[in-house]
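# Fold and geometry: a report
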Amino acid sequence: DGGITQSPKYLFRKEGQNVTLSCEQNLNHDAMYWYRQDPGQGLRLIYYSQIVNDFQKGDIAEGYSVSREKKESFPLTVTSAQKNPTAFYLCASSIVRGGRGQPQHFGDGTRLSIL
Amino acid sequence: GESVGLHLPTLSVQEGDNSIINCAYSNSASDYFIWYKQESGKGPQFIIDIRSNMDKRQGQRVTVLLNKTVKHLSLQIAATQPGDSAVYFCAESLTGGYNKLIFGAGTRLAVHP
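This write-up is about the structure you can find in this document. (Residues numbered from 1 in each chain as written. Chains lettered and ligands numbered in written order. Predicted model: local features only at pLDDT ≥ 70, side-chain atom pairs only at ≥ 80, totals over all residues. Heavy atoms only, no water.)

## Topic: the overall build of chain A
Along its length, chain A carries zero helices and eleven strands. Shown N-terminal to C-terminal, the secondary structure of chain A runs as helices and strands in the order β-β-β-β-β-β-β-β-β-β-β. In summary, chain A has a C-alpha radius of gyration of 13 Å against a globular reference of 13 Å for 115 residues, a match within 12%. Projected onto the principal axes, the alpha-carbon positions of chain A cover approximately 40 × 30 × 30 Å. In chain A, buried positions account for 47% of the 115 residues. A fraction of 53% describes how many contacts in chain A between residues 6 or more apart in sequence connect residues 24 or more apart. On chain A, roughly 5,600 Å² of surface is accessible, and the fraction owed to carbon and sulfur atoms is 45%. Computed over 13 positive and 11 negative side-chain charges, the separation of the two mean positions in chain A equals 3 Å. (Helix = DSSP H or I, 4+ residues; strand = E, 2+ residues; numbered from the N terminus. Rg over C-alpha atoms; globule rule 2.2 N^0.38 Å. Buried < 20%, exposed > 50% of the residue type's maximum accessible area, 1.4 Å probe, protein only. Contact = heavy atoms within 4.5 Å. Areas by Shrake-Rupley, 256 points an atom, 1.4 Å probe, with all protein chains shown as cover. Lys, Arg positive; Asp, Glu negative; His and termini not counted. Charge placed at Lys NZ, Arg CZ, Asp CG, Glu CD.)

## Regarding the interface of chain A and chain B
Of the residues lining the interface, 24 residues belong to chain A; the matching set on chain B comes to 24 residues. When chain A packs against chain B, close to 1,900 Å² is buried across both sides, 50% of that on carbon and sulfur atoms. Applying the counting criterion to the chain A and chain B interface returns one salt bridge. Between Lys100 of chain B and Asp59 of chain A there is a salt bridge, with its nearest N and O atoms 3.1 Å apart. In this structure, the connection of chain A to chain B is made through ten residue pairs in polar contact (both at pLDDT 80 or more). Those elements that provide at least two residues to the side of chain A that touches chain B are β4 (31-37), β5 (43-51) and β9 (87-94) of chain A. Per element, the largest residue contribution to the side of chain A that touches chain B is four residues, and it comes from β5 of chain A. Of the residues assigned to the side of chain A that touches chain B, the class counts are nine nonpolar, eleven polar and four charged. (Buried area = accessible area lost by both parts, 1.4 Å probe. Salt bridge = Lys/Arg side-chain N within 4 Å of Asp/Glu carboxyl O. Polar contact = N/O pair within 3.5 Å; in protein donor to acceptor, adjacent residues only side chain to side chain. Nonpolar A, V, L, I, M, F, W, Y, C, P; charged D, E, K, R; others polar.)

## Comments concerning unusual backbone geometry
With an omega of -10°, the peptide bond between Ser7 of chain A and Pro8 of chain A qualifies as cis. Tracing the backbone shows Pro8 of chain A in the loop between β1 (4-7) and β2 (10-13). At Asn28 of chain A, a residue that is not glycine, the phi angle is positive and equals roughly 60°. Within the fold, Asn28 of chain A resides in the loop between β3 (19-25) and β4. Positive phi, normally seen in glycine, also occurs at Arg61 of chain B, with a value near 65°. Checked against the element boundaries, Arg61 of chain B lands in the loop between β6 (56-58) and β7 (62-67).

## What to know about the sheet that holds β1 of chain A
Residue and element names in this part refer to chain A. Reading across the sheet, the four strands line up as β1-β3-β8-β7 and stay open at both edges, with antiparallel pairing between neighbours. With one partner strand each, in any of the chains shown, β1 and β7 (64-66) form the two edges of the open sheet. Averaged over all neighbouring strand pairs, the angle between strand axes comes to 20°, with direction disregarded. In this structure, β7 lies alongside strand β8 (residues 76-78), joined through three bridges in antiparallel fashion. Opposite Val66, over in β8, you have Leu76 as the bridge partner. (Pairing = 2+ DSSP bridges. Axes fitted to C-alpha atoms, helices over the stretch in contact; angles between N-to-C directions.)

Here it is, written out as structure tokens:
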């Protein structure tokens, strides 16, 4: 079945450590996104990519980095510069069609906690 | 600035009743709207979407209504079932951008037997 796979489901980070969250999609979507969700809040955009080898900062990019070397993959690194990384991280993908709004399809998230 | 908000943080309904979840948006230029359902520990699941050239769109047991005059969006769920219990988010988008979705904080729907 087509979909978005995020791994791991749970991740723990030590102080000063960088961690990488995986996101893979087999929907053949050009665009991919990373969101952060805090308890009782909506989703906030971290980074997005509309095409391979290109990505842009979202609303809360500080302390995060991404790469887009393959269409199917959009890994997110939470660096030690992110001082409050505990959150639920969601990856999404969508088609790109002339700048018109399109539904984004989400994975089941990675919950990151601090040790 | 752009924002999407919800009138009620929690909605409790009886099984079998109809549910109405409301959402207000502030950007009158937004032209695409989506409703998502999120169950505990999972990612948001697409329910239904609507573009600004429509006032109403129906799906299976769900209807989305868009009132552009007052910048209001609602999701109606018919014959609510226990499996409908979740947090519901509305999101808005504006043509010409990069498909940026702006999400509200969500409304929790609790269905009681």
